[in-house]
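A closer look at the structure
Each chain, letter by letter, is given below.
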Amino acid sequence: MIQDLRYALRQLIRRPLFTVVAVITLALGIGATTTIFSVVDHLILRDLSFPDPDRVVTVWQDNRRENLPLDDVAPANFLDWKERNRVFEAIGAAEPYSVDLTGPDFQPEVIFAANVTEGFFEALGVAPVRGRLLQSQDFREESGKVAVMGHGLWQRRFGGDPDIVGRALTLDGDPYVIVGILPQDFDLGLMYSVQRRELWLPRVLQGWEEGSRSSSWWSVVARVKPGTSLAQAQADMDRVAANLATEYPVTNDEVGVTVVPLHEHLVGNARPTLLILLGAVAIVLLIACANVAHLQLARGTERVDEFAVRAALGGERSRLIRQLLTESLVLALLGTVAGLAVAYWGVDVVKVLSPGDIPRMDAVSVDVRILVFAVGIAVFTAVIFGLAPALQFSSPRLLEALKEGRIGAGKSRARVRGGLIMAETALALTLLIGAGLLIRSFMAILAVDPGFRTENVIAAQVFYYEDGHTAQDRIEFFRETVERIETLPAVRTAGAVSAAPVLAANIDIRQSFVVTAEPTPRAGEEPQGYISVTTPRYFETMGIPLLRGRVFTDFDRSDAPGVAVINETLRRRYWPSEDPVGKSIRIGTAQQSREIVGVVGDVRHTGLDEDPRPEIFVPHAQAGSGSMTYFVRTSGDPAAVLQDVQQVVWDLAPLQTFYQTGTVNGLISRTLTGRRFSLLLLNIFAAIALLMAAVGIYGVMSFSVTQRTHEVGIRMALGADRDDVVRMVVGEGMKLAAAGVALGLVVAAFGTQVLSSLLFGIPPRDSVAFVLAVLVLVIGALIASYVPARRATRVDPMEALRYE
């Protein structure tokens, strides 16, 4: 074995160009595969860091009325689940929250937090790295205010200060004592907001929540009792849900329960994308192996005499195969070392490009498990690209081998090379079609009308809830700040809204309403809409079109009659054949009637790939919300105005923090990060596959031209011109490519179905994507065939005919 290794190294050193090309090819394939496997391993294959993680589940409302199987949970339903279940050892709930961290030693900052009920940390089984977690006494109204801090906030703002436990921080103007620090890997994507939670506060239950079932905003986690299966837990919660539906038919008639393992919930949205990318890099790796096999076959042809002589001197076929596989293994290990360097860099790139809503992505790294995987890949690739050449060149037919070594490559080896070209062309085409489908899908999303004009608009979100301020104080604050913003030199118009489009931390309030002049619907069958509060010029600022009636004006004050504006989706759903303007509605439990004074166009709130929702707008002067987002349309660069807008707010509220700020175009771009992530990576892999396929075709045709120099010389001596030679060589290359294209189209016709969940607006078998991918591949194959063909035309007939 040592002798084989020495000889393999000498052979690779003697052919430095062959070695470098093969190692680079393998490094790309192995590096890309190791990178994506690192992500898949950390996010999908590894267990969570909690004790007995398979027993930790999330529990959701199955809202059949709204077709939401994973809906948030109403407080009263959670309390009944906690009391009536027979399968959970512990159960707790969390709701997204945020606080303003202020103090004399640092600038105010918004901290995204979570309010958690008793039993939350017990359900997860998490242990603090310092201090303690929340205890029973912390959930009482009379207890002092405490908080548990996330590891990231501890390191980022306080430098890992060990004395932070027991220290009081000012949160929303009140002192909170930090009682514990959570572990570094505690990262839960439980809540609908993509913002990472860094503080955990006790949720003191309010009396009214014991009967609150119509609105849902809690996320629930539970620990299943030992020996209880997921099916048993689901059956028990179905029992509880059925009982609640009988007891509370108005709110729970169509509300079930869905139990989902926590690990599955955390990776659920990312799983399809990651598995598709893993399949893509596997294709890249196979193409890399095929290319190295080409190189091995070409190089082996030069060594046919050596193999024949060794066999004639008594070398057994198994001995030759072992020698060739040893050379392949050494080559694969060199490629793996280079591939690991690519992987280290690739993991960082993937983490930068990834959307922010994938939990545990920060923990992804190339560790010992990944190194073991890379070594396994090295052995796998060595067998894949080394076996065919080893079998070919260890043939016992020595005379035939010697003959073929003198006059050509041999028909059998030509068939093998042709088969490899067809296979990698088919695989490359499959990736190109997939990339084309994602590009077409992304273009379809970008072509969607969001319902508002995005150019030259900035957004700045605030939550203005100062102690002692009344609803009228909030009305005056936003009225005055909007008026002052509109006086800024570069500002054309400004407005504010409570439920802002494309923001991560949004105020989404869904309530039922009744039309006052029509029969009251049965309980639970009332129409519903999302309620938004706006200042008068919000619609003008955003460019939302007015379709009927009017929008709000400065005269729609708190002492004026109640008014409302609805969007086109709500009008189409509840008044499809009549004009709703002039009708009066009552929203929720409010006694005040509101006259519908206008209908505006639809806005896509959560993303361009989501349908508009039914909305009801009410004037801010009649609602007094403190959760608002300023939208400002400028006459120039909007980013340059943001600081001035913030200063206007700080002039009236010096400690006010901003939750999200930026241009509207930038905020829309953030909603596309998930699609952009899969699009960019798959296109990179497709480009690598195309390049490798083109290099493979070039290599085969170049080798063929070299082997057929004698034939080309005869043809040219007998009168064939240069164009004839070019057509002959290019024609052979295109035949191989055409066969690969045909095979690739069949594979892609079935394989692209896995992309369905990532596509928007186009089918998995979109003809445009298929045609464009074929054209790109054919052009690449044509170029790869033409270069060796041109070289063949420079053959001197007399040199080619000279006897060797």
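For clarity, every value in this text was computed on a predicted model and none was experimentally measured.

For the rest of this paragraph, the subject is the overall build of the protein chain. For the protein chain, the count of helices and strands is 24 helices and 22 strands. Expressed as a percentage of its 804 residues, the buried residues of the protein chain come to 52%. Once local pairs closer than 6 in sequence are excluded, the contacts in the protein chain between residues at least 24 apart make up 81%. Element-wise, carbon and sulfur atoms account for 58% of the exposed surface of the protein chain, whose accessible area totals about 35,800 Å².

This brings us to the packing of helix α15 (residues 471–486) against helix α18 (residues 642–652). At a closest axis distance of 10 Å, the pairing of α15 and α18 adopts a crossing angle of 140°. Compared by their axis directions, α15 and α18 come out oblique. Taken as a pair, α15 and α18 cross one another with a handedness that is right-handed. Across the interface between the two elements, F477, E480, T481, R484 and I485 of α15 pack against V645, V648, V649, D651 and L652 of α18.

Our focus in this paragraph is helix α1 (residues 2–14). Look at α1: 18 Å from first C-alpha to last across 13 residues, which is about the 18 Å you get at 1.5 Å a residue. Those residues of α1 that fall on the buried side of the exposure criterion are D4, Y7, A8, Q11 and L12. Viewed along the axis of α1, the buried residues span an arc of 135°, placing them on a single side of the element. Exposed and facing more than 90 degrees away from the buried side of α1 are I2, Q3, R6, I13 and R14.

We now examine the environment of I596. Position of I596 among the secondary structure elements: in strand β19 (residues 594–600). Measuring from C-alpha to C-alpha, the distance between I596 and V551 comes to 9.8 Å, with 45 residues separating the pair along the chain. Setting aside anything within four residues of it in sequence, one finds I596 in contact with A564, I566, W575, P580, V581, G582, K583 and I585.

Our next topic: the packing of α1 against helix α2 (residues 16–45). Contact pair α1 / α2: the axes reach a minimum separation of 5 Å and the direction vectors enclose 100°. If you check the angle between α1 and α2, you find them roughly perpendicular. Of the residues in α2, those touching α1 at L12, I13 and R14 are P16, F18 and T19. The class makeup of the residues in the contact of α1 with α2 is four nonpolar, one polar and one charged.

Here the focus is the pattern of salt bridges. Throughout the structure, instances matching the rule amount to 33 salt bridges. As a salt-bridge pair, R203 and E209 come within 2.2 Å of each other at their nearest N and O atoms. The pair R203 / E209 is uniform in exposure class, with both members buried. Note that K583 and E578 form a salt bridge whose closest N and O atoms lie 3.3 Å from each other. You can call E578 partly exposed: its relative accessible area is 36%. The network of salt bridges with common partners includes D41, R46, D367 and R369.

Remark: the centre distance and the inter-plane angle together describe each pair of aromatic rings, the angle taken between the planes. Considering all chains together, one arrives at 20 aromatic pairs under this definition. Ring geometry for Y464 and F477: centres 3.7 Å apart, planes at 5°, overall stacked. Within this pair, whereas Y464 is found in the loop between β12 (457–463) and α15, its partner F477 is found in helix α15, the two being separated by 13 residues in sequence. Each member of the pair Y464 and F477 is classed as buried.

Moving on, we get to the nonpolar core. One recurring pattern in soluble globular proteins: nonpolar side chains tend to sit buried together. Core analysis: the biggest nonpolar cluster contains 105 residues, and L43, L331, L431, F631 and F685 have the highest contact counts within it. Non-local contacts of L431, meaning those with residues more than four positions away in its chain, are made with A280, I283, V284, L682, F685, A686 and A689. Formed by 24 residues, the second largest nonpolar core is a distinct cluster that contains F50, V126, V179 and F186.

All right, on to the side chain of T258 then. Relative to the helices and strands, T258 resides in strand β11 (residues 255–261). Classification of T258 as buried rests on a relative accessible area of 18%. Within the structure, T258 has its side chain in polar contact with the backbone oxygen of P69 (distance 2.9 Å).

Taken together, the side chains of Y698, V768, V771, L772, L775, I779, I783 and V787 present a nonpolar region at the surface, about 700 Å² in accessible area. Looking at the nonpolar patch, the element that brings in the most residues is helix α23 (residues 767–792), giving seven residues. Inspection of the secondary structure assignment puts Y698 in helix α20 (residues 673–707). Overall, the relative accessible area of 33% leaves Y698 in the partly exposed class.

Those residues of helix α3 (residues 75–84) that sit buried are P75, A76, N77, F78, D80 and W81. Packed against the buried residues of α3 are β1 (56–63), β3 (88–103), β10 (219–224), α6 (230–247), α7 (249–252) and β11.

On average, the protein chain scores 84 in pLDDT, and the residues at 70 or more come to 89%. Between residues 401–409, whose pLDDT stays under 50, and residues either more than four places distant or in other chains, the model counts 16 contacts.

For the rest of this paragraph, the subject is the pairing of strand β9 (residues 199–202). Within a regular strand, the side chains alternate between the two sheet faces. Both faces of β9 are covered, namely the face carrying L199 and L201 and the face carrying W200 and P202. Inspection of the sheet shows strand β6 (residues 146–149) paired to β9 by two bridges, in the antiparallel sense. Within β9, the position partnered with M149 by the bridge is L199.

Turning next to the side chain of T634. Position of T634 relative to the elements: it lies in strand β21 (residues 627–634). In this structure T634 comes out as buried when scored by relative accessible area, which is 0%. A polar contact is formed between the side chain of T634 and the backbone oxygen of G636, at a distance of 2.9 Å. Setting aside residues up to four positions removed in sequence, T634 forms contacts with N456, A490, V491, R492 and V641.

Note: β1 against strand β2 (residues 68–71), two bridges, orientation antiparallel. The partner of Q61 across the bridge, within β2, is D71. Count of turn residues in the β1/β2 antiparallel hairpin: four residues, of which N67 carries a positive phi of about 55°.

Our next topic: unusual backbone geometry. Phi angles above zero are rare outside glycine, and D52 is one such case at about 45°. With respect to the helices, strands and loops of the structure, D52 is situated in the loop between α2 and β1. Residue classification places D52 among the partly exposed residues on the basis of a relative accessible area of 42%. Non-glycine residue N456 carries a positive phi angle of around 55°. Along the chain, N456 turns up in the loop between α14 (411–446) and β12. Owing to a relative accessible area of 29%, N456 belongs among the partly exposed residues under this scheme.

Here we come to the environment of A76. With respect to the helices, strands and loops of the structure, A76 is situated in helix α3. The class for A76 is buried, based on a relative accessible area of 1%.

Calculation criteria
Residues numbered from 1 in each chain as written. Predicted model: local features only at pLDDT ≥ 70, side-chain atom pairs only at ≥ 80, totals over all residues. Heavy atoms only, no water. Helix = DSSP H or I, 4+ residues; strand = E, 2+ residues; numbered from the N terminus. Buried < 20%, exposed > 50% of the residue type's maximum accessible area, 1.4 Å probe, protein only. Contact = heavy atoms within 4.5 Å. Areas by Shrake-Rupley, 256 points an atom, 1.4 Å probe, with all protein chains shown as cover. Axes fitted to C-alpha atoms, helices over the stretch in contact; angles between N-to-C directions. Parallel < 35°, antiparallel > 145°, perpendicular 65-115°, else oblique. Left-handed = near helix turned anticlockwise from the far one by under 90°. Expected span 1.5 Å × (residues − 1). Arc of directions from axis to C-beta. Nonpolar A, V, L, I, M, F, W, Y, C, P; charged D, E, K, R; others polar. Salt bridge = Lys/Arg side-chain N within 4 Å of Asp/Glu carboxyl O. Phe/Tyr/Trp six-rings, centres within 6.5 Å; stacked < 30°, edge-to-face > 60°. Core = buried A, V, L, I, M, F, W, Y, C linked by side-chain atoms within 4.5 Å. Polar contact = N/O pair within 3.5 Å; in protein donor to acceptor, adjacent residues only side chain to side chain. Patch = residues over 30% accessible without salt bridge, like charges linked within 9 Å, V, L, I, M, F, W, Y side chains within 5 Å. pLDDT = per-residue confidence, 0-100. Pairing = 2+ DSSP bridges.

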